[in-house]
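Commentary on secondary and tertiary structure
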There are 2 protein chains.
Amino acid sequence: MDKPNRIIIIGGVACGPKAAARARRRDPNAEIILVDRGEYLSYAGCGLPYYVGGSVAEIENLQKTSFNLIRDADYFKNVKNIDARIRTNAEQLDREAKSIVLRNLDTGETEQVQYDKLVLATGSSSVVPPISGIDKNGVFVLQNMHDALEIRKRIDAGEVDHVVVIGAGLIGIEIVESFFNHAVDVVVVEKEKQILPSILDAEIAQYVQKELSRDGVEFVTDQTVLAIEGKGKVEKVIVKGREIATDMVIVSAGVRPNTKLARQAGLDIGKTGAIWVNEYLQTSDPDIYAGGDCVECQDLVSGDKIFTPMGTIANRHGRIIGNNVTGDNEAFPGIVGTVIVKALNVNIAKTGLTEDSARKKGMDVETSITPCQNHVHFYPGNKFFLIKMTADRESGRFLGAQLVGPGDIDKRVDVLATAIQFGATLQQTANLDLCYSPPFSHALDGLAHAANNTRNRIDKSAAAISAQQILECIEKSENPPILLDLREEKEAENNPITIGNVINIPLSELRKRINELPRDIDIVCCCTQGVRSYEAMLLLKGEGLDNISFIDGGLKMLY
Amino acid sequence: MDKPNRIIIIGGVACGPKAAARARRRDPNAEIILVDRGEYLSYAGCGLPYYVGGSVAEIENLQKTSFNLIRDADYFKNVKNIDARIRTNAEQLDREAKSIVLRNLDTGETEQVQYDKLVLATGSSSVVPPISGIDKNGVFVLQNMHDALEIRKRIDAGEVDHVVVIGAGLIGIEIVESFFNHAVDVVVVEKEKQILPSILDAEIAQYVQKELSRDGVEFVTDQTVLAIEGKGKVEKVIVKGREIATDMVIVSAGVRPNTKLARQAGLDIGKTGAIWVNEYLQTSDPDIYAGGDCVECQDLVSGDKIFTPMGTIANRHGRIIGNNVTGDNEAFPGIVGTVIVKALNVNIAKTGLTEDSARKKGMDVETSITPCQNHVHFYPGNKFFLIKMTADRESGRFLGAQLVGPGDIDKRVDVLATAIQFGATLQQTANLDLCYSPPFSHALDGLAHAANNTRNRIDKSAAAISAQQILECIEKSENPPILLDLREEKEAENNPITIGNVINIPLSELRKRINELPRDIDIVCCCTQGVRSYEAMLLLKGEGLDNISFIDGGLKMLY
């Protein structure tokens, strides 16, 4: 009988355990060793904010299977016949000898172990910016179960009335709700001019920021934290011109791939700083695979290699690595950069490229912002969301979408991610054969409208102006545009437009009252959803008026 | 100046008004005439069951825009400059003269009108089976606003304690909830052996039927209605061997395309009996377009032309026709047959081919049934659903999916419909870059698991047995299999397997207690979600046991 295949997997959180389990499923005889520095295996790190927030009652739940077994070393041994070694550090990778030294962090004992295939699933580590006072008691990075337990303990003990979150990326925004659930005041400090800088374009970020501010979150953008002060424990956070008194600081300033072992062993590192892998997730050493947060991925839209550490990618990597270390040859197709986060009453999602990222790559793009509802207006319980879509102007290829609002954007972003992954055009996206019944959607879902709106912009049958441009015109132009409010009188009265020169003519009366409009001033059509504005714009153009546009995204973008 | 393009559109419900509106948007000068026999234009026919059920408060809401304007003839005139003629019948289409006679149904007056482009959006009509007594007072087809108003009036007057629904297709199943909301007892009679015969495979239909029966719906399958009896008003429905006393009968026995005008004019009719159109939605006369419920569509999966009347297709057709009658040349890409319906606590959706329909076409397919949850188990408020996936065995091409359960299947069916539309393989479907965060999904969504499960069946790494086969083996086989219950002892005690020879060994103890299992009898692994069963099957195979399988879809399929 052949010597069994020995597979050593470094990293026991997401990609590693998945690779181990898959390898075992394919090869009952393989020797599989799973190594992790920490004491918890295969836990849902993405659930930590929800433990802090109280949605997850017991932190053990993050380590349990869906059928309630704790995924500890015994579980891996008994159920999967995997030799899981916790509190164990992997060092001295000798690629020629195909061996690695494993050091037990409790006893200090070391063992040199041979491998046939090695898997690096070493993950990523939070960036800790070099801020004075960052090491004070009360500053956390929420990187592991210990952090979460301690944060929650302090909240439960009534020690936290106020928290400062450093960094308004995905994790920074996600953690806001965790503290709000406990009635802790939150100030988020972001060094960029906008929140979620790598996820959203500025105007969409602005919309999210307004919504969250309305719910009581305070944002300090375009500011770096200069120092964290306090006697022993954190007491205040210093930004330019202001001291923010606080009880706790959460650092969410991004993560960095853990590449120490790979670098020491001379494996190729990509331009992103993460481990380079080919499509089979092999490193530059064909017997060493790598996946999850420590590697870079191929972005299918831009063609670039990018570093985008996500649990979902780590899991998909794990399965493919599990296949390939047991004799298969499966390719990972790459990613389109799909993300989602829930923050209080607003959901935020992105897939593909933002307008900003596409333009930075020199692409000639068109965009549109479409207000949408979950389902038909006559069925109860509707919820609102916005889609900003970006497409290549010449080919009509759909490049990316940002979705925000209380509505079911997880559904739409997944459909759009799928369309992007297959290189869909706007025409194809508008004609997807999606399900329809009144409780679920529209005969034409909002995402089809968004695709059609973008097509209308490309073929110049619709001319939109951004809320930002309108505000600037009103403020600075000598001849500011008229805002033509097309809502019914009661709607307009209940929620009036409070800026600029406003004329209210309901759409249903516009054709009759067209003479009330001046012919020498630009007109911006305004309404809630954009539908009436679009209709009015076409009506007015049809009647020979020029310089007609409408607010991109409707009135919700203006306030 | 050129003579304006005159576009006459026959049919004012979905495709027609959409085509009219789109044509107007593209051509402000066109003369557009929209004709309908009824008195209501552009109403949401799909909302009628929800008016009956009470979710829609006022029936006018079905005729309103999302901004609360009634879409009547005045609306079309004032807002869109469309000449909408209600209570008007289109007759005597003269293709050579490019003219059509319009008869006012109230005055009887006729007018012969010339067209440049004609659009047939004549819709479909409910099939009324030739049952004795079908014309009795109290028998409805729920085809229009009048029917809905009268049904609701009778319910509100307390005249309806019991209803018989003839036909368990989409509409028949959808209408169940409408009556349940008013505490009306419902019996559904279906002539096929299963409910939703063209939407679901038998075992999935059986699951839905069990769920709805549990909630109190009574089903009579494999039976035709022999007669409807009553003195004047309906009093009972006769099926073989039984009289069902009732107050009302709803006929939902399918619909037929309205092709009278097209046939009279000698336009090509397809094999399905609906109007033939090319990809530009042109009939065999290039100046006559047709769309919506009266035409047949190209199924992208099977390659067949099929008749599949859906509001969502009608709307997409309408936009493309509106483009093409104003000089564009846009193709409709075809459909994949996506449907959804909500019935009490179970949602039901389908996209692509069922196993049954694929096999009838001679395809060599593999299938799997995967129990899924909306999102990670540790986040509260989870909901269950099942995915049955069908794929081509040789190419791995994903052909279709059926999704049922209380969970958010609208999201998954839309993603899967998109994947099918682009010809995705199972591998591509499993590797879609979908969004993940604990409130929304899993690191690997259920649909990726479903795709991987189907791959495992194709490559024979997993062997499933259907619940039906197990029941048959237990009943008939001389050597029935052992049901190995892998749940923890408490789970198994709380909800025990009550058939066959059961051995309960929790998965966590299986490796140690493997000697308790006989080696000469087939073993079927059982658990709730199928995950433990799959794991156990591989464990036992790895330990040299043969004839191990697990229940396709988990224990939920067995009861």
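Residues numbered from 1 in each chain as written. Chains lettered and ligands numbered in written order. Predicted model: local features only at pLDDT ≥ 70, side-chain atom pairs only at ≥ 80, totals over all residues. Heavy atoms only, no water.

1. Structural notes on the overall build of chain A
Helices and strands together make up the secondary structure of chain A, namely 16 helices and 30 strands. A globule of 559 residues ought to have a C-alpha radius of gyration of about 24 Å, and chain A, at 27 Å, matches this closely. By its C-alpha atoms, chain A is 90 × 55 × 40 Å across when sized along the principal axes. Residues counted as buried form 58% of the 559 residues belonging to chain A. Taking as baseline every contact in chain A between residues at least 6 positions apart, the subset at least 24 positions apart corresponds to 63%. As displayed, chain A offers around 21300 Å² of accessible surface, 44% of which is attributable to carbon and sulfur atoms. Computed over 62 positive and 76 negative side-chain charges, the separation of the two mean positions in chain A equals 2 Å. (Helix = DSSP H or I, 4+ residues; strand = E, 2+ residues; numbered from the N terminus. Rg over C-alpha atoms; globule rule 2.2 N^0.38 Å. Buried < 20%, exposed > 50% of the residue type's maximum accessible area, 1.4 Å probe, protein only. Contact = heavy atoms within 4.5 Å. Areas by Shrake-Rupley, 256 points an atom, 1.4 Å probe, with all protein chains shown as cover. Lys, Arg positive; Asp, Glu negative; His and termini not counted. Charge placed at Lys NZ, Arg CZ, Asp CG, Glu CD.)

2. Quick look at the sheet that holds strand E22 (residues 346–352) of chain B
Residues and elements named next belong to chain B. The antiparallel open sheet is built from five strands, whose spatial order is E21-E22-E25-E24-E23. Bordering the open sheet on either side are strand E21 (339–343) and strand E23 (365–373), each of which pairs with just one other strand. Pairwise comparison of adjacent strand axes, ignoring direction, gives a mean angle of 10° for this sheet. Bridge count between strand E24 (residues 384–392) and strand E25 (residues 398–405): six bridges; the pairing is antiparallel. What sits directly across from threonine 390, in E25, is glycine 400. (Pairing = 2+ DSSP bridges. Axes fitted to C-alpha atoms, helices over the stretch in contact; angles between N-to-C directions.)

3. Observations regarding the confidence of the model for chain A
Here chain A averages 95 in pLDDT, while 100% of its residues score no lower than 70. The complex model carries a pTM of 0.97, and its ipTM stands at 0.97. (pLDDT = per-residue confidence, 0-100.)

4. A word on the packing of helix H10 (residues 409–421) of chain A against helix H10 (residues 409–421) of chain B
Packed helix pairs are characterised by how far apart their axes lie and by the angle those axes make with each other. At a minimum axis separation of 9 Å, H10(A) and H10(B) run at an interaxial angle of 10°. Taken as axis vectors, H10(A) and H10(B) run roughly parallel relative to one another. Counted together, A:Asp410, A:Lys411, A:Asp414, A:Val415, A:Thr418 and A:Ala419 of H10(A) and B:Asp410, B:Lys411, B:Asp414, B:Val415, B:Thr418 and B:Ala419 of H10(B) form the full contact between these two elements. (Parallel < 35°, antiparallel > 145°, perpendicular 65-115°, else oblique.)

5. Topic: the pairing of strand E12 (residues 218–221) of chain B
All names here are of chain B. Two strands pair when backbone bridges link them, and strand E11 (residues 185–190) and E12 are joined in this way by four bridges, in the parallel orientation. Note on E12: the bridge partner recorded for glutamate 190 is threonine 221. This β-α-β element, E11 to helix H6 (residues 202–214) to E12, shows right-handed connectivity. (Right-handed = clockwise from strand over helix to strand, strands pointing away.)

6. Quick notes on the pattern of salt bridges
When the charged atoms of two side chains lie near each other, side chains of opposite charge can form a pair. For the coordinates displayed, the defined rule picks out 76 salt bridges over all chains. For A:Lys117, the salt bridge identified is with A:Asp287, shortest N-O distance 2.9 Å. Of this pair, A:Lys117 sits in strand E7 (residues 117–120) while A:Asp287 sits in the loop between helix H7 (260–264) and strand E18 (288–290); the two residues are 170 residues apart in sequence, bridging distant segments of the chain. With a shortest N-O distance of 3.1 Å, B:Glu243 and B:Lys236 are connected by a salt bridge. Sharing partners across several salt bridges, the network here consists of A:Asp201, A:Glu203, A:Glu355, A:Arg359 and A:Lys388. (Salt bridge = Lys/Arg side-chain N within 4 Å of Asp/Glu carboxyl O.)

7. Quick look at H6(B)
Residue and element names in this part refer to chain B. Given a rise of 1.5 Å per residue, 13 residues ought to cover 18 Å, and the 18 Å separating the end C-alpha atoms of H6 matches this to within 8%. Buried within H6 are the following residues: Ile204, Ala205, Tyr207, Val208, Gln209 and Leu212. Among the residues trailing H6, glycine 216 stands out with phi positive, at a value near 110°. (Expected span 1.5 Å × (residues − 1).)

8. With respect to the interface of chain A and chain B
Listed per partner, the contact involves 90 residues of chain A and 90 residues of chain B. Buried area between chain A and chain B, summed over both chains or domains, comes out near 8100 Å², and the portion from carbon and sulfur atoms is 59%. Summed over the shared surface of chain A and chain B, the result is twelve salt bridges. One salt bridge in this structure joins A:Lys80 and B:Glu535, with 2.8 Å as the shortest N-O distance. Between the two partners, chain A and chain B, sit 44 residue pairs in polar contact (both at pLDDT 80 or more). Among the elements that make up the side of chain A that touches chain B, the one with the highest residue count is H10(A) (nine residues). Its residues placed into classes, the side of chain A that touches chain B shows 43 nonpolar, 25 polar and 22 charged. (Buried area = accessible area lost by both parts, 1.4 Å probe. Polar contact = N/O pair within 3.5 Å; in protein donor to acceptor, adjacent residues only side chain to side chain. Nonpolar A, V, L, I, M, F, W, Y, C, P; charged D, E, K, R; others polar.)

9. Notes on unusual backbone geometry
All names here are of chain A. Phi at serine 42 is positive, roughly 50°, even though this residue is not glycine. In this fold, serine 42 is placed in the loop between strand E2 (31–35) and helix H2 (48–53). According to the relative accessible area criterion, serine 42 is buried, its value standing at 10%. Even without being a glycine, aspartate 222 presents a positive backbone phi close to 60°. Assignment of secondary structure puts aspartate 222 in the loop between strand E12 (218–220) and strand E13 (227–229). On the accessibility criterion, aspartate 222 (46% relative accessible area) is partly exposed.

10. Digging into the packing of helix H1 (residues 15–26) of chain B against helix H8 (residues 311–324) of chain B
Residues and elements named next belong to chain B. Remark: H1 packs on H8, axes separated minimally by 7 Å, with the N-to-C direction vectors making an angle of 35°. The two elements H1 and H8 meet at a crossing, and its hand is right-handed. Within the contact between the two elements, H1 uses Cys15, Lys18, Ala19, Arg22, Ala23 and Arg26 and H8 uses Ala314, Asn315, His317, Gly318, Arg319, Ile321, Gly322 and Asn323. Its residues assigned to classes, the contact of H1 with H8 shows five nonpolar, five polar and four charged. (Left-handed = near helix turned anticlockwise from the far one by under 90°.)

11. Observations regarding the relation of the copies chain A and chain B
Superposing chain A onto chain B takes a rotation of 180° combined with a translation of 0.0 Å along the rotation axis, leaving an RMSD of 0.0 Å. As the rotation angle and translation indicate, the two copies are arranged about a two-fold axis. Same-surface contact between copies: 100% of interface residues of chain A are shared with the interface of chain B. (Least-squares fit on C-alpha atoms with pLDDT ≥ 70 in both.)

12. Remarks on the side chain of B:Thr246
Residue and element names in this part refer to chain B. Here threonine 246 shows up in the loop between strand E15 (242–245) and strand E16 (248–251). Polar contacts involving the side chain of threonine 246 include one to the side chain of histidine 162, which spans 2.7 Å. Within the structure, threonine 246 has its side chain in polar contact with the backbone nitrogen of valine 164 (distance 3.4 Å). Setting aside chain neighbours within four positions, we find threonine 246 in contact with His162, Val163, Val164, Val234, Glu235, Lys236 and Val237.

13. Things to note about the packing of aromatic side chains
Summed over the entire model, instances satisfying the criterion amount to seven aromatic pairs over all chains. When the ring of A:Tyr379 is compared with that of B:Tyr50, the centres are 5.3 Å apart and the planes differ by 85°; the resulting orientation is edge-to-face. On the criterion of chain membership, the pair formed by A:Tyr379 in the loop between strand E23 (365–373) and strand E24 (384–392) and B:Tyr50 in helix H2 (residues 48–53) is interchain, its members lying in two chains. Taken as a pair, A:Tyr379 and B:Tyr50 share a single burial class, namely buried. Above the face of the B:Phe384 ring, B:Lys556 is positioned so that its terminal group lies 4.3 Å from the ring centre. (Phe/Tyr/Trp six-rings, centres within 6.5 Å; stacked < 30°, edge-to-face > 60°. Lys NZ or Arg CZ within 6 Å of the ring centre and 35° of its normal.)

14. Some thoughts on the sheet that holds strand E2 (residues 31–35) of chain B
All names here are of chain B. Judged by pairing direction, the sheet is parallel, and its five strands sit side by side in the order E3-E2-E1-E7-E18 without closing on themselves. At either margin of the open sheet sits one strand with a lone partner, and together these are strand E3 (83–85) and strand E18 (288–290). On average, each strand axis in the sheet is tilted by 15° relative to the strand beside it, whichever way the strands run. Where strand E7 (residues 117–120) lies against E18, three bridges are found, and the strand directions are parallel. From the neighbouring strand, valine 119 faces E18, where its bridge partner is tyrosine 289.

15. As for the pairing of strand E30 (residues 548–551) of chain A
Residues and elements named next belong to chain A. Pairing geometry for strand E26 (residues 464–465) and E30, over two bridges, is parallel. The partner of alanine 464 across the bridge, within E30, is phenylalanine 550. In this view, the connection linking strand E29 (residues 523–526) to its parallel neighbour E30 by way of helix H16 (residues 531–542) has right-handed handedness.

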